[in-house]
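Notes for the structure review
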Amino acid sequence: MPVAIPFIAAAAGAAASAVIGGGVLGAVAAAGAALVVSAVGAAVFRPKSPSAARSANVTPGTDTGPGSGFDPRTPGAGRTQSFRQPITEHQIVFGRCRTSGPVVFLHSATDDEGRADGFLHVVVVLAAHRVRAIGEVFLNGTASTDAKFAGLLRIDRALGDPGQAANANLVADTGGQWTAAHRGQGRAYLAVRLKLRPEAFPSGAPSLSAIVEGADTILDPRTGATGWSDNPALCLAWYLTSPFGWRAAWADIDLPALMAAANICDEIMGRRDGTAERRYTVNGAVTLGEGKIAITRKLVAAMAGALVVSGGRFYIHAGAPALPAATLTSDDLRGDVTIVGSRPRRDLFNGVRAVYVEPAAAWQPTDAPPLLASNYVTEDGGEAIYRDMEFPLTTSASTVQRLMKIELERNRRQREVAMQANLSALRLRPWDGVTVALERLTPFPARVTGWALAPDGGVNLQLAEEDPAVWAWNPATDERATGQNPSVVLPNPGVIAAPAAILVETPLAVSFSAIAVSWSAVGSAYLAGYEIEFRPTSVAVWQGYAGGFGATAVAISTAEPTAFRVRAQARSGAVSGWREALVPAVASGLAATGIAGGVRMSGGFPADAVRLQVFEASSASLAAATKLASEPTALPWDRTGLTTGQTRWYWLRSVSAEGNVSAFAGPVTATAL
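Notes on the structure in this doc start here. (Residues numbered from 1 in each chain as written. Predicted model: local features only at pLDDT ≥ 70, side-chain atom pairs only at ≥ 80, totals over all residues. Heavy atoms only, no water.)

Right, let's get into the state of the cysteines. Under the defined criterion, the tally for this structure stands at zero disulfides. Unpaired in terms of disulfides, cysteine 235 finds its nearest cysteine sulfur in cysteine 265, a separation of 9.3 Å. (Disulfide = S-S within 2.5 Å.)

This paragraph deals with the nonpolar core. Grouped together as the largest cluster of nonpolar side chains are 55 residues, with contacts concentrated most on Tyr280, Leu299, Met303 and Ile316. Counting residues per element, this core draws most heavily on helix H5 (residues 232–241), which supplies eight residues. Every residue in contact with leucine 299, bar those within four places of it in the chain, is listed here: Phe94, Pro232, Cys235, Leu236, Tyr239, Val282 and Leu393. Core analysis: the second largest hydrophobic core is formed by 30 residues, Val93, Val124, Leu139 and Ala200 among them. (Core = buried A, V, L, I, M, F, W, Y, C linked by side-chain atoms within 4.5 Å. Buried < 20%, exposed > 50% of the residue type's maximum accessible area, 1.4 Å probe, protein only. Helix = DSSP H or I, 4+ residues; strand = E, 2+ residues; numbered from the N terminus. Contact = heavy atoms within 4.5 Å.)

This next bit is on helix H7 (residues 292–301). Three- or four-residue spacings in an α-helix give side chains the same orientation, since the helix completes a turn every 3.6 residues. For H7, the buried fraction is high: eight of the ten residues fall into the buried class. Inspection of H7 places Ala294, Ile295, Thr296, Arg297, Lys298, Leu299, Val300 and Ala301 among the buried residues, and these make up the whole buried set.

The next point concerns the packing of H5 against helix H6 (residues 255–265). Between H5 and H6, the least distance of the axes is 7 Å, while the angle of their chain directions is 140°. One way to sum up the angle between H5 and H6 is to call them oblique. From H5, Pro232, Ala233, Leu234 and Ala237 reach across to H6, where they touch Leu258, Ala261, Ala262 and Cys265. Of the residues contributing to the contact of H5 with H6, the split by class is eight nonpolar, no polar and no charged. (Axes fitted to C-alpha atoms, helices over the stretch in contact; angles between N-to-C directions. Parallel < 35°, antiparallel > 145°, perpendicular 65-115°, else oblique. Nonpolar A, V, L, I, M, F, W, Y, C, P; charged D, E, K, R; others polar.)

The next subject is the pattern of salt bridges. Side chains bearing opposite charge may pair, as long as their charged atoms lie close to each other. Using the criterion set out here, one finds 39 salt bridges in the structure. Arginine 130 is the partner of aspartate 216 in a salt bridge, and the nearest nitrogen-oxygen pair spans 2.9 Å. Within this pair, whereas aspartate 216 is found in the loop between strand E11 (208–215) and strand E12 (218–220), its partner arginine 130 is found in the loop between strand E6 (119–127) and strand E7 (131–139), the two being separated by 86 residues in sequence. Accessibility expressed as a relative area gives 14% for aspartate 216, which makes it buried. Between arginine 567 and glutamate 199 there is a salt bridge; the shortest N-O distance is 3.1 Å. A residue pair is termed long-range when its members are at least 10 positions apart, and arginine 567 in strand E34 (residues 562–570) and glutamate 199 in the loop between strand E10 (188–195) and E11 qualify at 368 residues. On the basis of relative accessible area, glutamate 199 is assigned to the partly exposed category, the value being 22%. In the salt-bridge network here, residues are joined through shared partners; they are Asp220, Arg222, Asp230, Asp266 and Arg278. (Salt bridge = Lys/Arg side-chain N within 4 Å of Asp/Glu carboxyl O.)

The subject of this paragraph is the packing of H5 against H7. Helix-helix packing: each pair is described by the crossing angle between the helix axes and the interaxial distance. Running from N to C, H5 and H7 point in directions that differ by 165°, and their axes come no closer than 9 Å. Between H5 and H7, the interaxial angle falls into the category roughly antiparallel. Our pair here, H5 against H7, has a crossing hand that is left-handed. Residues Pro232, Cys235, Leu236 and Tyr239 of H5 lie in contact with H7, whose contacting residues are Lys292, Ile295, Thr296, Leu299 and Val300. Here the contact of H5 with H7 is built from residues that sort into seven nonpolar, one polar and one charged. (Left-handed = near helix turned anticlockwise from the far one by under 90°.)

Topologically, proline 365 is positioned in strand E22 (residues 364–367). In sequence terms proline 365 and glutamate 390 are 25 residues apart; their C-alpha atoms lie 8.9 Å from each other.

All right, on to H5 then. With respect to burial, H5 is a largely interior element, nine of its ten residues being buried. Taken together, the buried positions of H5 are occupied by Pro232, Ala233, Leu234, Cys235, Leu236, Ala237, Trp238, Tyr239 and Leu240. By the N-cap criterion, in which a side-chain oxygen at the helix start approaches the backbone nitrogen of a residue two or three places on, H5 is capped by asparagine 231, the distance to alanine 233 being 3.0 Å. (Polar contact = N/O pair within 3.5 Å; in protein donor to acceptor, adjacent residues only side chain to side chain.)

As a further point, take a nonpolar patch on the surface. On the surface, Leu423, Leu426 and Leu453 cluster together to form a nonpolar patch covering roughly 270 Å² of accessible area. Along the chain, leucine 423 falls in the loop between strand E25 (416–421) and strand E26 (433–436). (Patch = residues over 30% accessible without salt bridge, like charges linked within 9 Å, V, L, I, M, F, W, Y side chains within 5 Å. Areas by Shrake-Rupley, 256 points an atom, 1.4 Å probe, with all protein chains shown as cover.)

In this structure the tally under the stated criterion is eight aromatic pairs. Where phenylalanine 94 meets tryptophan 238, the ring centres are 5.9 Å apart and the plane angle is 90°; that geometry is what we call edge-to-face. Of this pair, phenylalanine 94 sits in strand E3 (residues 91–94) while tryptophan 238 sits in helix H5, and the two are 144 residues apart along the sequence. Assessed through its relative accessible area of 0%, phenylalanine 94 is described here as buried. Between tryptophan 178 and tyrosine 189, the ring centres sit 6.3 Å apart and the planes meet at 55°, which makes this aromatic pair tilted. Of this pair, tryptophan 178 sits in the loop between helix H4 (168–173) and E10 while tyrosine 189 sits in strand E10, and the two are eleven residues apart along the sequence. A residue is classified by how much of its surface remains accessible, and tyrosine 189, at 4% relative accessible area, is buried. Through successive ring pairs, a cluster of aromatic residues spans Phe94, Trp238 and Phe244. Above the ring of phenylalanine 444, the side-chain terminus of arginine 415 is found at 4.0 Å from the ring centroid. Positioned above the aromatic ring of tryptophan 431 is the side chain of arginine 447, whose terminal nitrogen or guanidinium carbon lies 4.0 Å from the ring centre. (Phe/Tyr/Trp six-rings, centres within 6.5 Å; stacked < 30°, edge-to-face > 60°. Lys NZ or Arg CZ within 6 Å of the ring centre and 35° of its normal.)

The subject of this paragraph is the sheet that holds strand E42 (residues 661–671). Judged by pairing direction, the sheet is antiparallel, and its four strands sit side by side in the order E39-E38-E41-E42 without closing on themselves. Bordering the open sheet on either side are strand E39 (626–627) and E42, each of which pairs with just one other strand. In the sheet, strand E38 (residues 611–617) pairs with strand E41 (residues 647–655) via seven bridges, with the strands oriented antiparallel. Bridge pairing in E41 links glutamate 616 to tyrosine 650. (Pairing = 2+ DSSP bridges.)

Within the secondary structure, serine 396 sits in the loop between strand E24 (386–390) and helix H9 (397–412). The exposure class assigned to serine 396 is buried, which follows from its relative accessible area of 12%. A distance of 3.2 Å separates a polar atom in the side chain of serine 396 from the backbone nitrogen of threonine 399. With sequence-adjacent residues up to four places away left out, serine 396 is seen in contact with Arg271, Glu277 and Tyr356.

Take the sheet that holds strand E4 (residues 96–99) next. Read from one edge to the other, the open sheet built from four strands follows the order E4-E11-E7-E8, with strand pairing classed as antiparallel. Looking at which strands have only one partner, the edges of the open sheet turn out to be E4 and strand E8 (142–143). Looking at chain direction, E7 and E8 are connected through two bridges and run antiparallel. Of the residues in E8, the one forming a bridge with leucine 139 is threonine 142.

Further remarks concern the environment of glutamate 358. Tracing the backbone through its elements, the reader meets glutamate 358 in strand E21 (residues 351–358). The contacts of glutamate 358, once residues within four sequence positions are left out, are Trp363, Gln364 and Thr366. Among the polar contacts listed, one links the side chain of glutamate 358 to the side chain of tyrosine 356, at a separation of 2.6 Å.

Have a look at this one:
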């Protein structure tokens, strides 16, 4: 789809062809031409052809591979995928967005459990400049705060300060591979250490992305302050003056026009849900490989505006109704006037379909509610004619709908005027509003879209009809509900769920020789079986019992309190997280006191127990003890039903929610009163 930019108008004749063929600034320097870049349309500036697919080494875990033709410049491609390429372009981040970038460093090391290659260090560059903040990090689309990553991640963030030091953790952990000289000055990056576990990373190392608040060295001439901004006009001025942009001097930018554009962008507009937002914002990332013109057109598209280059100066304009700077009459003519009353059928449309970036959809390109104007459909003989557009730096459903309406209404104002004006037109420049009041014409408002000095001493003007209704917006009637785009759920053999529950058949006798364990079945077409492990209290490490086990129950031989865990295995080799039944703690500080007709037991009730088994004997022999029917759920607890003078010994065993048991606490003894 073309970027949503309706036109670029330049000086007529040789100057215009030079602009298209030879670059913007060089052409503008010639022959008194003025250039309007208002969203460079594909009909004038063709999008840069994709380069041949580079041979790329892609980070394990992404869904791209060597020779796949992955191009990070394609819409949305770099938002969630980190990638490896021998040569690639840096990117610029405007406003706030989720983005990723090239992997510039990979290093494996022995982890804290002694596993070779258990740690993987990954460095991903997010921006070629300083950013205000790097927020939440995502691994294959899952937030790093997810419980399954607990204890497996270390995330360091570098904001891209010009004098930032090398990452101390990388210097210490990589055995000289990352040194104090690897500072990444002026580059915002993530340095992540992954502890590779199959339950957390079933497909290997994940793709990394993060929420980034972009450039924070943006000057606002209205206040003189420098910092972060998502104002499109200010971001465009920053790009014009940046070393990786147009490298213009601030003296080359018309500040009154810039401040007026910034104010328009900050105007408050109502939304359908009763809330409000600023008229235009810019949020997204662009790569330097797109080229200066493509980046410029994306920025001006985000504010439905224009970048005018005239007399060696940059005039930045945001889309808004234009106050007429002049009324053009026959007195302003020096020659012919050509008026085109309607557009060719091939250039006309009565509906707009657009793609924008939706934060609620993982910051991915999302279809906006389509706009179809029934009155214009009627004018076009009942045929619905759509134009497809992209707004890659817009993240609001309300804003994108305003931009869509502006593009439609501009297109339906079809009159265009080419006039040979006299020197009175020197007071005008591109993007100015005028009133066309020529003889035998009903006066109508228009915008100057082209301006050039003529060899015979006059000015050649190009005008496009535009009235204030282009910019009118009533959220109650013009904004459409976004609804929910249908989610397509694709099979993923590399991910499998853990069993929902695990249960232990609680032993009732003092001693036992085996414990039965069962778990919930996992309903997956990719299930290969289950892996079961156990750990007696006398052993420090987990013991494997079975892998690829097909049943959902097993009896494991053990004569002491034992922890159990189970996880699902997929046919692809992926595994789920563990579902555990751990050994609960024993009751602490257990004491017995004689009471009237019984014994009172007190102590600390274990936090991970739900009840206690009580074993009673008439001597200090646990083997002779029998289990009481009552199972207290709190302490103190009274054993009643004894006669005065009866002495009893007691042992207590904790029971967890899963039914597993602890070792015995006790014995304690007391005599009933």
